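# Analysis of the macromolecular model
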Amino acid sequence: MLSTHKLLINLNEAQTAAVTTDAQHSLVLAGAGSGKTRVLVYRIAWLLAAEGISPYAILAVTFTNKAAAEMRNRVAELLETPARGMWIGTFHSIALRLLTMHHKEAGLPKNFQILDSEDQYRLIRRVISDLELDEKQWQPRMVQSFINGKKNEGIRANEIDDFGDDNSSTLINIYQHYDDHCNRGGLVDFAEMLLCTHQLLLNNPPLLEHYQGRFGAILVDEFQDTNDIQSAFIRLLAGTKNKIMVVGDDDQSIYAWRGAKIDHIIGFKDLFPNTIQYKLEQNYRSSNNILHAANAVIKNNAKRLGKELWSQQGDGELIQYYGAYSEYDEAAFVAEEIDNLIDSGIDGDQIAILYRSNMQSRLLEENLLKHNIAYKVYGGLRFFERMEIKDVLAYVRLINNRHDDVGFERVINTPTRGLGNKTVNQIRNCALINQVSLFSACQILLKNNSLTARAAGSLAGFINMIDEFDNNHDKEQLNPLFDDVIERTGLRDHYQKEPPEKALTRLENLDELLNAAETFVKPQEDDQIGMTALSSFLAQVSLEAGERASDKDVPCVQLMTLHSAKGLEFPYVFLVGLEQGLFPHQNSMEDPEKLQEERRLCYVGITRAEQKLFMTYATSRRIRGRTQGCAPSKFLREVPEKLVNQIQGNVFTAPRGGMFANQDNSAFAQHQPGVLVSHKIFGEGTIIELSGQGDYTQIMVEFQDHGTKILAAKFAKLEVI
DNA sequence: TCTACGACTATTTTT
DNA sequence: TAGTCGTAGA
């Protein structure tokens, strides 16, 4: 057994205080690079070793599989024995476990299926069309975020008040129909998993009591990212007696747009009165110049608990600013600098380029290519999200659960088997009228002879094939089943016919899938609760979509968005595209809350760097086919000048006129007398005169059809022709 | 059923 | 500008 003494020698004072706290609840504010995971892992060990808590009483929750795996490994490493008995997992995997074990109480069929975002999107489109609504008006993406938003707040369709508003009542109606559909087919989306689990516990006092009795110590990672339902779930499980430790950083909350609420961490102490707060401010990652810059930027946010990072490391290098003339210049600069770094013996994987939006990667890639620098772009499709993989899985899902309409729709005519739109619509209608699944609808249609001979033959063949797959295969042996599906459905031939390049990767992916099926080992817990290997496999791939595409083993320069960089660190970091309108993003500049989130994103970006940080911007950039003048991001000026070496340009002494005049609306740069512009209402005209400065600039325009007008530049949205 | 063309849109993304 | 998506037509 681990000695408590040995535990504490690796911790600093603040970390020790948090790890050994005897408060019932603790809130650990852990700045970037301050040893957040370390505290969680050591806390678990402390609970076991010093407080004698059973591993069975420990519940540790994270957001990503990666974080969960890391915690599990580090706990095992520290304890020098596998982390048995305790529950360590993501919110979703824990929810899945509870729902599987208690599916009856939760009102779910045993073989319920998880819908990922794409599946959900497809089903929502289907519902919109069933309700004969116009997709133009009820855009599926918008509806999807409405439904998920409500679920994340723990609200069901029948609990929303439409206040007599048609718009709301339609959305509520779609939500209701979507949920009905899911219930009929035994389908559960990501948000539903959490909501359903919450209701399961809430509506089953004995069950709740059981789990409250079991989990004496609850630990939550990245608490700033919790949404309402996740927070409520923790509160419910904690009851009045259990201990909670939440760890997080309000300054790194960057997911408000998908339901995370910073208020949960900010208001934690109010919700749980017996809370002691600990701050981890010593940073082990970055040199002081970088930390000072990060502190200076985040200080401009009003809504925060307040923290200041410091380090025992030296000042390190100055932050390098580069004001490029254009995005081409910027990309060329970055590639050249990286080339130099690599020449000086630094490995590519020590370097990261971070940007606000994915489209920025293209030019950077082109320039890295020119210099023959190996790179890897994060983002894009993951293994189990690829078309060919989802196709195979859809067949398998249908074999596992005939009522899985999402799976059905995906493969009914893939590969094409003469069941086109007409027949499928017939099936949909029949399903709608009888309120049954598509698969059942097929059986009805076949029985009633309602189809043309050709369609009927083809459909019967399809149905039989699915049934045969089911009958001929053991649900514990995945590889033979998958292999059979890929061959007999004709999927392999189907992909073979694609252009050679594509076909090759698709077939490779299919082989990889077979390999995954072959080597899949059913987790012991799943076995105990009677899940078949097939169900277990399907659940796992839905929750964990697999590694991102990776093609090289060479150390690669890492390209990714700021969002995906959270939690990572690199000796050399290039933060690019620091311009008003790009970062902070146009859509987030007006709203103070959103602007603060952009700033937190900037804070995340800066604190990724260990040794050297480059921040670049371009004074002109082509966006959507149009070259625009750009003002440097306001965040650049929030970094104290003394921490910066500006290689080209100067953000700090930039003239207030000309290019940098109107920081908040870069488009003004081109608004000069004589320029031809167009206005939404007044049409085309010529600029006569400019007056005023900054936000207050006024523009006199002589319009061809409406005479001379004086407009406030900020609001006129004039476009240069 | 497949192809081609025109319309539309354009942050961030884990589970 | 460029990439995606839906529909019309072969």
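Residues numbered from 1 in each chain as written. Chains lettered and ligands numbered in written order. Predicted model: local features only at pLDDT ≥ 70, side-chain atom pairs only at ≥ 80, totals over all residues. Heavy atoms only, no water.

### What about the overall build of chain A?
Scanning chain A for helices and strands turns up 31 helices and 22 strands. The C-alpha atoms of chain A give 29 Å as radius of gyration, which agrees with the globular expectation for 721 residues (27 Å, within 12%). Taken across its 721 residues, chain A has 54% of its residues classed as buried. If you take every contact in chain A between residues at least 6 apart in sequence, the share linking residues at least 24 apart comes to 74%. Carbon and sulfur atoms form 48% of the exposed surface of chain A, whose accessible area is close to 32100 Å². For chain A, the distance from the average site of its 75 positive side-chain charges to the average site of its 94 negative ones is 2 Å. (Helix = DSSP H or I, 4+ residues; strand = E, 2+ residues; numbered from the N terminus. Rg over C-alpha atoms; globule rule 2.2 N^0.38 Å. Buried < 20%, exposed > 50% of the residue type's maximum accessible area, 1.4 Å probe, protein only. Contact = heavy atoms within 4.5 Å. Areas by Shrake-Rupley, 256 points an atom, 1.4 Å probe, with all protein chains shown as cover. Lys, Arg positive; Asp, Glu negative; His and termini not counted. Charge placed at Lys NZ, Arg CZ, Asp CG, Glu CD.)

### Notes on the protein's contact with DNA strand C
Close to DNA strand C lie Arg125, Arg362, Arg622, Arg624 and Gly625. Close to the protein, within 4 Å, the atoms of DNA strand C belong to sugar or phosphate groups at a rate of 67%. Within the side chain of Arg125, one N or O atom sits 2.6 Å away from a phosphate oxygen of DNA strand C. Partitioning the surface near DNA strand C into residue classes produces no nonpolar, 1 polar and 4 charged. (Near = heavy atom within 4 Å. Polar contact = N/O pair within 3.5 Å; in protein donor to acceptor, adjacent residues only side chain to side chain. Nonpolar A, V, L, I, M, F, W, Y, C, P; charged D, E, K, R; others polar.)

### Concerning empty space enclosed by the protein
For the coordinates displayed, the defined rule picks out 3 cavities of 30 Å³ or more. Counted as a void, the largest cavity has a volume near 50 Å³. Every residue along the wall of the largest cavity is listed here: Ala23, Gln24, Ser26, Arg43, Leu47, Ala217, Ile218, Leu219, Lys243, Ile244 and Met245. Looking at the lining of the largest cavity, the elements that each hand over two or more residues are α3 (36–49), β6 (217–220) and β7 (243–248). When its residues are assigned to classes, the lining of the largest cavity shows 7 nonpolar, 2 polar and 2 charged. (1 Å grid on protein atoms, 1.4 Å probe; cavity = no way out; pocket = protein on both sides within 12 Å on 5 of 7 lines; lining within 4 Å. Points joined across faces, edges and corners; volume = space filled by probe spheres on them.)

### Description of the packing of aromatic side chains
Counted by the stated rule, this structure contains 18 aromatic pairs. Look at Phe583 and Phe635: their rings are 5.4 Å apart centre to centre, the planes differ by 70 degrees, and that puts the pair in the edge-to-face class. Placement of Phe583 in the loop between β13 (570–575) and α29 (592–606) and of Phe635 in helix α30 (residues 634–638) is noted, with a sequence separation of 52 residues between them. For Phe583, a relative accessible area of 1% corresponds to the buried category. Owing to a relative accessible area of 0%, Phe635 belongs among the buried residues under this scheme. (Phe/Tyr/Trp six-rings, centres within 6.5 Å; stacked < 30°, edge-to-face > 60°.)

### With respect to the pattern of salt bridges
Inspection of every chain in the model, using the stated rule, returns 50 salt bridges. Measuring nitrogen to oxygen at the nearest pair gives 2.9 Å for the salt bridge that ties Lys151 to Asp189. Note that Lys151 is positioned in helix α8 (residues 140–152) and Asp189 in strand β5 (residues 187–189), a separation of 38 residues in sequence. With a relative accessible area of 0%, Lys151 lands in the buried category. Judged by its relative accessible area of 1%, Asp189 falls in the buried class. Its salt-bridge partner being Glu366, residue Arg362 comes within 3.6 Å of it at the nearest N-O pair. Of this pair, Arg362 and Glu366 both sit in helix α17 (residues 361–370), 4 residues apart, which is roughly one turn of that helix. Take Glu366: its relative accessible area is 39%, and that puts it in the partly exposed class. (Salt bridge = Lys/Arg side-chain N within 4 Å of Asp/Glu carboxyl O.)

### A look at the environment of Cys556
Within the secondary structure, Cys556 is located in the loop between α27 (533–543) and β12 (557–561). A residue is classified by how much of its surface remains accessible, and Cys556, at 6% relative accessible area, is buried.

### Remarks on the side chain of Asn152
Among the secondary structure elements, Asn152 is positioned in helix α8. Polar contacts involving the side chain of Asn152 include one to the side chain of Asn227, which spans 3.4 Å.

### What about the pairing of strand β18 (residues 676–679)?
Only one face of β18 is covered, namely the one carrying Val677 and His679; the face carrying Leu676 and Ser678 has none of its residues buried. Here 2 bridges tie β18 to strand β22 (residues 719–720), and the two strands are oriented antiparallel to one another. By the bridge assignment, Ser678 is partnered in β22 with Glu719. (Pairing = 2+ DSSP bridges.)

### Focus: the domain arrangement of chain A
Per the domain assignment, the segments of chain A are domain 1 (4–100 + 196–282), domain 2 (115–181), domain 3 (319–374 + 550–648), domain 4 (385–537) and domain 5 (658–720). The straight-line distance from the C-alpha centre of domain 1 to that of domain 4 is 40 Å. (Domains from an automatic or database assignment.)

### Things to note about the packing of helix α5 (residues 91–101) against helix α10 (residues 190–202)
Axis separation between α5 and α10 bottoms out at 9 Å; the angle between their running directions is 55 degrees. If you check the angle between α5 and α10, you find them oblique. For the element pair α5 and α10, the recorded crossing hand is left-handed. Contacts between α5 and α10 pair Phe91, His92, Ala95, Leu96, Leu98 and Leu99 from the former with Phe190, Met193, Leu194, Cys196, Thr197 and Leu200 from the latter. Across the contact of α5 with α10, the residue classes tally to 10 nonpolar, 2 polar and no charged. (Axes fitted to C-alpha atoms, helices over the stretch in contact; angles between N-to-C directions. Parallel < 35°, antiparallel > 145°, perpendicular 65-115°, else oblique. Left-handed = near helix turned anticlockwise from the far one by under 90°.)

### Regarding the environment of Gly186
Among the secondary structure elements, Gly186 is positioned in the loop between α9 (166–185) and β5. Residues Gly186 and Leu108, spaced 78 residues apart in sequence, show a C-alpha to C-alpha distance of 6.2 Å. Not counting residues within four places of it along the chain, the set of residues in contact with Gly186 comprises Pro109, Phe112, Gln113 and Asn401.

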